[in-house]
Amino acid sequence: MMMLHYPDPAKLKTKRIVYEDAYGARDSATLENLKDLSSKRMVIEETINGSSSITEAIAREISGGLTSRYQQELQKLEQYLPLLENLCFHIDSNSTNHHIVQWTSKLKIRWTSALSSSSFFQIAGPKFYQIDNLQFERSMSLFLYGALLRDRAVEILPSDLVHSASLFREASGVFHYLSREVLPSLLPALNGERPPEIIPSVANAMHLICLAEAQAVSIRKAEEKGTTVGLLAKLHYGVAQFLAEAFSTLYAAPGECKDISARFVEFISSCRSIHTLKSQKYSAESLKADGQIGVAIGVLHDSLINIEKQIVGEESWKSVFRKEIHDVNEMLKKYEHENAFIWREKISSGDELPKPQGSQIVNIVPYYPKRWERELSFKL
């Protein structure tokens, strides 16, 4: 089974931040910690902005032998985030101090959006959102981390289904943490424009998409093991249910997602349609095995009527649709021929057709932020 791929969430860019130039350190230890933070962020900036001059061989050596670009980027974030968590801890404890407010604004924290519709129509280059709040930096860094975990899961999918599913679940855990623990407290402090990445409902949708992808990978493993078609039908519909929830959560809060990318929404809808079709195909196979070929033919007829209305998105996605539709058409012809010459059963339709049932078997791997507990002292 082919999966649709949507790599856009990780396509973020940012501007340089120099922490030691903004925050007034009281002692040399604090100054060194701020410099370390700036240094670790700089390598992330250069990587995602495509401005790094480091060769692949040197990048591999620096990372300790990691050959995957995604692994290298994840490692950089894993070294940066604990330091950032520590700074956020100290800044938040003095958040109302006017020096802290001024210093944070001097950082000029700026990120692009990968999920904003307006981000793709900028003639002068990508649009940067500036929000003078350190939690904005933390939120975007966590979003990038979750998106890269997801890309790494796709990268290893052909060779390691178990590890791939686990990484999708880890990514889901990051987005779940972001939507529940980080963004709700950031949102009330914001005025003006903000990227979709820091809206709780968008992070929650990403959490559900990653769970759907984890289950889709698990289905591949189940198919390899020869799992019954009845269970495969439920598992595919379980994926469709995750995606239906992701779609509805985007619009749960009226007005929150006015600037969301149409391509992002099409991706969710297309994945849902594909897995619904796969579910109906397996359901028909199960019904035929149970001697209900008339019902099976009705299910296949119904699935093809519905799917034709839902073919959207880019060409690579449409090719997956076409293959799945071809397979269902071939199965339908076979069943109709067999029914016409052997069984002569009435073809079911409408309310006579069984309601699809879903089964969801995957959960998030919870994300627990790490903080390097270093004492920081500022000239307040």
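See the structure shown above.
Below is a summary of the structure that appears in this document. Predicted model only: the values in this text are computed from it and were never measured. (Residues numbered from 1 in each chain as written. Predicted model: local features only at pLDDT ≥ 70, side-chain atom pairs only at ≥ 80, totals over all residues. Heavy atoms only, no water.)

## A word on unusual backbone geometry
The backbone of lysine 108 shows a phi angle near 50°, a positive value even though the residue is not glycine. Considering the arrangement of structural elements, one finds lysine 108 in the loop between α5 (98-107) and β1 (110-111). With a relative accessible area of 41%, lysine 108 lands in the partly exposed category. Phi at arginine 344 is positive, roughly 50°, even though this residue is not glycine. Position of arginine 344 relative to the elements: it lies in the segment after α12 (315-343). (Helix = DSSP H or I, 4+ residues; strand = E, 2+ residues; numbered from the N terminus. Buried < 20%, exposed > 50% of the residue type's maximum accessible area, 1.4 Å probe, protein only.)

## As for the pattern of salt bridges
In total, this model carries 18 salt bridges according to the counting rule given. The partner of glutamate 338 in a salt bridge is lysine 288, and the shortest N-O contact between them spans 3.4 Å. Of this pair, glutamate 338 sits in helix α12 while lysine 288 sits in helix α10 (residues 262-289), placing them 50 residues apart in sequence. Of the charged contacts, one joins arginine 371 and glutamate 373 as a salt bridge, the two residues approaching to 3.9 Å between their closest N and O atoms. Overall, the relative accessible area of 29% leaves arginine 371 in the partly exposed class. Counted as one network, the salt bridges with shared partners bring together Arg16, Arg41, Glu45 and Glu137. (Salt bridge = Lys/Arg side-chain N within 4 Å of Asp/Glu carboxyl O.)

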